[in-house]
Amino acid sequence: MSPRQPIVSLRNVGKTFESGTVALRGLDLEVCDGEFVSLLGPSGCGKSTALRIVAGLSVASEGAVDWLESGQSARIGFVFQEPTLMPWADVASNVRLPLKLAHADETQSRAAVAQTLARVGLADFADAYPRELSGGMKMRASIARALVTEPHLLLMDEPFAALDEITRFKLNNDLLTLWQELARTVIFVTHSVFESVYLSQRIVVMTPRPGRVFADLSIDAPYPRDDAFRTSAEYAGYCRTVSQALSQAMGEAAA
Amino acid sequence: MNERALRIALPVFVLAIVLSLWQAVVDGFGIPPYVLPAPGLVFLTLISDGALLWHSLLVTLFTTFEGFLLAAIGGIGLAILFSQSRLIEYSLYPYAVILQVTPIVAIAPLLLIYLPQPLAVLACAWIVAFFPVLANTTLGLSSVDHNLIALFALYKASRWQLLWNLKLPAALPQMLAGLRIAGGLSLIGAVVAEIAAGSAGAGSGLAYRIAESGYRLNIPRMFAALLLLALAGVAIFFALSALSHLALRRWHESAVKREL
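Residues numbered from 1 in each chain as written. Chains lettered and ligands numbered in written order. Predicted model: local features only at pLDDT ≥ 70, side-chain atom pairs only at ≥ 80, totals over all residues.

### Section: the overall build of chain A
Just so we agree on the cut-off: Here a strand is any run of E in DSSP of at least two residues, a helix any run of H or I of at least four, and the numbering for each starts at the N terminus. As a reference, a globule follows 2.2 Å times the number of residues to the power 0.38, and the radius of gyration itself is taken over C-alpha atoms. Burial in this document is a count-based property: other C-beta atoms within 10 Å of a residue's C-beta are tallied, and the residue is buried at 20 or more, exposed at 12 or fewer, or partly exposed in between, with C-beta positions derived from the backbone. A residue pair is marked as a contact if its C-beta atoms, positioned from the backbone, fall within 7 Å.
A tally of helices and strands in chain A yields 8 helices and 9 strands. Its C-alpha radius of gyration of 18 Å places chain A within 12% of the 18 Å reference for a compact globule of 255 residues. In terms of its C-alpha atoms, chain A occupies a principal-axis envelope of roughly 55 × 45 × 40 Å. Buried residues in chain A amount to 42% of all 255 residues. In chain A, the proportion of contacts linking residues at least 24 apart, taken out of those at least 6 apart, comes to 74%.

### Describing the sheet that holds strand 5 (residues 76-79) of chain A
Residue and element names in this part refer to chain A. Using the following cut-off: If DSSP finds at least two bridges between two strands, the strands pair. Inter-axis angles, ranging from 0 to 180 degrees, are taken between N-to-C directions of lines fitted to C-alpha atoms, where helices are fitted over the stretch in contact.
Reading across the sheet, the 6 strands line up as 5-6-7-3-8-9 and stay open at both edges, with mixed pairing between neighbours. Here the strands that pair on one side only, and so sit at the sheet edges, are strand 5 and strand 9 (212-218). The mean inter-strand angle of the sheet, taken between neighbouring strand axes irrespective of direction, is 20°. Across 4 bridges, strand 3 (residues 36-40) lies against strand 8 (residues 202-207) in parallel orientation. Bridge pairing links leucine 40 to valine 205 in strand 8.

### Looking at helix 3 (residues 106-119) of chain A
Each α-helix winds once per 3.6 residues, and so residues spaced three or four apart point in a common direction. All names here are of chain A. Defined as follows: Helix span is expected to be 1.5 Å times the residue number reduced by one.
Counted at 1.5 Å a residue, the expected span for helix 3 with its 14 residues is 20 Å, and the 20 Å between its end C-alpha atoms agrees. Elements in contact with the buried residues of helix 3: helix 2 (91-101) and helix 4 (135-147). Positive backbone phi, approximately 80°, marks glycine 121, located one or two places after helix 3.

### Regarding the interface of chain A and chain B
The condition is simple: Note that Gly is not counted as nonpolar here; it falls among the polar residues with everything else outside the nonpolar set of Ala, Val, Leu, Ile, Met, Phe, Trp, Tyr, Cys and Pro and the charged set of Asp, Glu, Lys and Arg.
With 15 residues of chain A at the contact, the number on the chain B side is 15 residues. Elements represented by at least two residues in the side of chain A that touches chain B include exactly strand 5 and helix 2 of chain A. Residues belonging to the side of chain A that touches chain B are distributed by class as follows: 12 nonpolar, 1 polar and 2 charged.

### Focus on the nonpolar core
Considering soluble globular proteins, one finds that nonpolar side chains tend to be buried as a cluster. Which entries qualify depends on this criterion: Any nonpolar core is a set of buried residues, restricted to Ala, Val, Leu, Ile, Met, Phe, Trp, Tyr and Cys, that join up through C-beta atoms within 7 Å. These domain boundaries are the output of an automatic or database domain assignment.
Of all hydrophobic cores here, the largest spans 130 residues; its most connected members are Leu155 of chain A together with Cys124 and Ala193 of chain B. When residues are assigned to domains, this core turns out to be shared by domain 1 (6-75 + 152-254) and domain 2 (82-151) of chain A, each giving three or more. Discounting chain neighbours no more than four positions away, the residues touching leucine 155 of chain A are Leu51, Val54, Ala55, Ile76, Gly77, Phe78 and Ile187 of chain A.

### Describing helix 7 (residues 146-154) of chain B
All names here are of chain B. Keep this limit in mind: Relevant arc is that of directions from the helix axis to the C-beta atoms, nothing else.
Regarding helix 7, the residues found buried are Leu148, Leu151, Phe152 and Leu154. Mapping the buried residues of helix 7 onto a view down its axis gives an arc of 155°, with all of them on the same face. Of the residues flanking the end of helix 7, it is lysine 156, one or two places downstream, whose phi is positive at about 55°.

### A few points about the confidence of the model for chain B
All names here are of chain B. Counted only if it meets this: pLDDT is defined as a per-residue confidence score from the predictor, taking values between 0 and 100.
Summarising the model, chain B shows a mean pLDDT of 89, and 95% of its residues fall at 70 or more. Looking at the elements of chain B, mean pLDDT is at its lowest for helix 5 (residues 104-114), recorded as 87, and at its highest for helix 7, recorded as 93. Reported confidence for the predicted complex is 0.89 by ipTM and 0.84 by pTM.

### Focus: the environment of glutamine 5 of chain A
Residues and elements named next belong to chain A. Checked against the element boundaries, glutamine 5 lands in the segment before strand 1 (6-16). Separated by 25 residues in the primary sequence, glutamine 5 and glutamate 30 place their C-alpha atoms 9.1 Å from one another. Those residues in contact with glutamine 5, other than ones at most four positions away along the chain, are Cys32, Asp33 and Leu68.

### Topic: the domain arrangement of chain A
Residues and elements named next belong to chain A. Here chain A is partitioned into domain 1 (6-75 + 152-254) and domain 2 (82-151). Domain 1 puts 12 residues into the contact, and the matching count from domain 2 is 6 residues. Put simply, the parts of the chain that give the side of domain 1 that touches domain 2 at least two residues each are strand 6 (153-157) and helix 5 (165-182). When the residues that make up the side of domain 1 that touches domain 2 are grouped by side-chain class, the tally is 8 nonpolar, 2 polar and 2 charged.

### Digging into the sheet that holds strand 2 (residues 22-32) of chain A
Residue and element names in this part refer to chain A. Strands sit in the order 2-1-4 across an open sheet of 3 strands; the sheet is antiparallel. The two strands at the open ends of the sheet, each matched to only one other strand, are strand 2 and strand 4 (62-67). The mean inter-strand angle of the sheet, taken between neighbouring strand axes irrespective of direction, is 10°. Two elements, strand 1 and strand 2, share 7 bridges in a ladder whose sense is antiparallel. In the strand pairing of strand 2, proline 6 is matched with cysteine 32.

### Thoughts on the packing of helix 3 (residues 50-84) of chain B against helix 10 (residues 219-248) of chain B
What describes two packed helices is the angle between their axes and the distance between those same axes. Residues and elements named next belong to chain B. Put simply, the rule is: Throughout, the term roughly parallel applies to angles under 35 degrees, roughly antiparallel to angles over 145, roughly perpendicular to angles from 65 to 115, and oblique to all others. What makes a crossing left-handed is the near helix being turned counterclockwise from the far one by less than a right angle; a clockwise turn instead makes it right-handed.
Direction vectors running N to C along helix 3 and helix 10 enclose 40°, while the axes themselves pass 11 Å from each other. Viewed along their axes, helix 3 and helix 10 adopt a mutual orientation that is oblique. In terms of crossing hand, the pair formed by helix 3 and helix 10 is right-handed. Counted together, Leu53, Leu57 and Leu61 of helix 3 and Ala224, Ala225, Leu228 and Ala232 of helix 10 form the full contact between these two elements. Considered class by class, the residues forming the contact of helix 3 with helix 10 number 7 nonpolar, no polar and no charged.

### Focus: the pairing of strand 6 of chain A
Residues and elements named next belong to chain A. The following threshold applies: By convention, orient the strands away from the viewer: a clockwise path from the first strand over the helix to the second makes the crossover right-handed.
By the criterion of burial, strand 6 is predominantly enclosed, with 5 of the 5 residues buried. Of the two faces of strand 6, both are covered, the one formed by Leu153, Leu155 and Asp157 as well as the one formed by Leu154 and Met156. The sheet contact formed by strand 5 and strand 6 spans 4 bridges and is parallel. Each bridged residue has a counterpart across the sheet, and for valine 79 the counterpart in strand 6 is methionine 156. As paired elements, strand 6 and strand 7 (residues 185-190) share 5 bridges and run parallel to each other. Following the sheet pairing, leucine 153 is matched in strand 7 by threonine 185. Handedness of the β-α-β unit built from strand 6, helix 5 and strand 7 comes out right-handed.

### Some thoughts on unusual backbone geometry
Residues and elements named next belong to chain A. Of the consecutive residues tyrosine 223 and proline 224, the connecting peptide bond is found in the cis state with omega at -5°. Relative to the elements of secondary structure, proline 224 occurs in the loop between strand 9 and helix 7 (227-230). Of note, histidine 103 is a non-glycine position whose phi angle comes to about 55°, a positive value. Topologically, histidine 103 is positioned in the loop between helix 2 and helix 3.

This is the structure in structure tokens:
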């Protein structure tokens, strides 16, 4: 992943909702191939809106979203804040859904689903129904579903916000492992300074209402990162810097 | 005694008390059967008139079943149509409501003028039964998790895929609740129409037997027919509840056993 080209760029993107709320204004953001970028900001700062615009689930009122290759936008995986699984289908069917919608070959789909489930540690739960799973396992299933199409770009909208800290740390570690193995690009939306520093190469701090980029900070600590990194002085230092940027971003909005 | 046994034993116990009281009152006061038949006599009538009543029961049940089937197809079909197009929904929904709120007893005589009798009875069964299916299915189809809809949009699902793989399964619990109500209502619709038709002369369903026995002061047969209608209603309810449970037991909260 050395030659860094922007896989997607947002240029001067603005979003005004029908209610008149201005969620985003003048948002410029480039995300490079293979990067792990976090969008960090308080709730209501438009970071989820930005992510939905990248996914094509929402249309920008102003500005443009440019892709490196045309048709690239088709290769997206999206993980929502809630697991968003179909309760009437077992885990394997939930994960197979994107392939089924694309009319993929049945046998190949099964193999892809089995492989992806094994990757996220759910190999033994293929036949389980969502209600039988814990919160963390549901989120793993949700991540597996996003990965099963082998997307170039993985978009994650505060996926671990509802989980307890122990589960969240475990999933953070597993997500980094997945990212390193698969070498995908990840845009990760969060309101947690600690989570964003732990995971990301780059943190984009956003201002609230209207959302735009306040600071673009790089976290240069090497991967693989583990629990030793989580307790290091380096990590604490980054967290301090990012926290300061975040409070400045919020202060600027208040002023 | 456990909960389950109690739920069966207690109603049976109440029934036994009520029936013995009834029998005692009729015997004790010497009430003639054309005023109030004793439960024993009703039971005997059920056996002696068995062939006739059984035939009538089958006629009524068949109409009910047809009405229910048409209500299910019509209700679910309309709900799907409404979910596909707002314009169709806005155009037709008010009339579905009007059809529902107008008492069926008032519509039945009119239908009997314009339609041959079996068709009129069927139409009544359909009119009362289709609305709960329509209303419940519409609710189900329109309350699908919006994130799942977004997910389907992300993977460029077609309209058909969205309907078949997401909206219909998501609406299944509400749809089944609607069908459960429709089962009982189509029996009511069939009975109402038969009663209305009965006063016009011809018919062979259970409700017609009730009307006819009334004219002839054959009160024991009225009770026997009524008993059969009640049993038919209960049977329909349990059959549809069982169907609903079978369809939902793997995933829906309503069918999942919990400790608390």
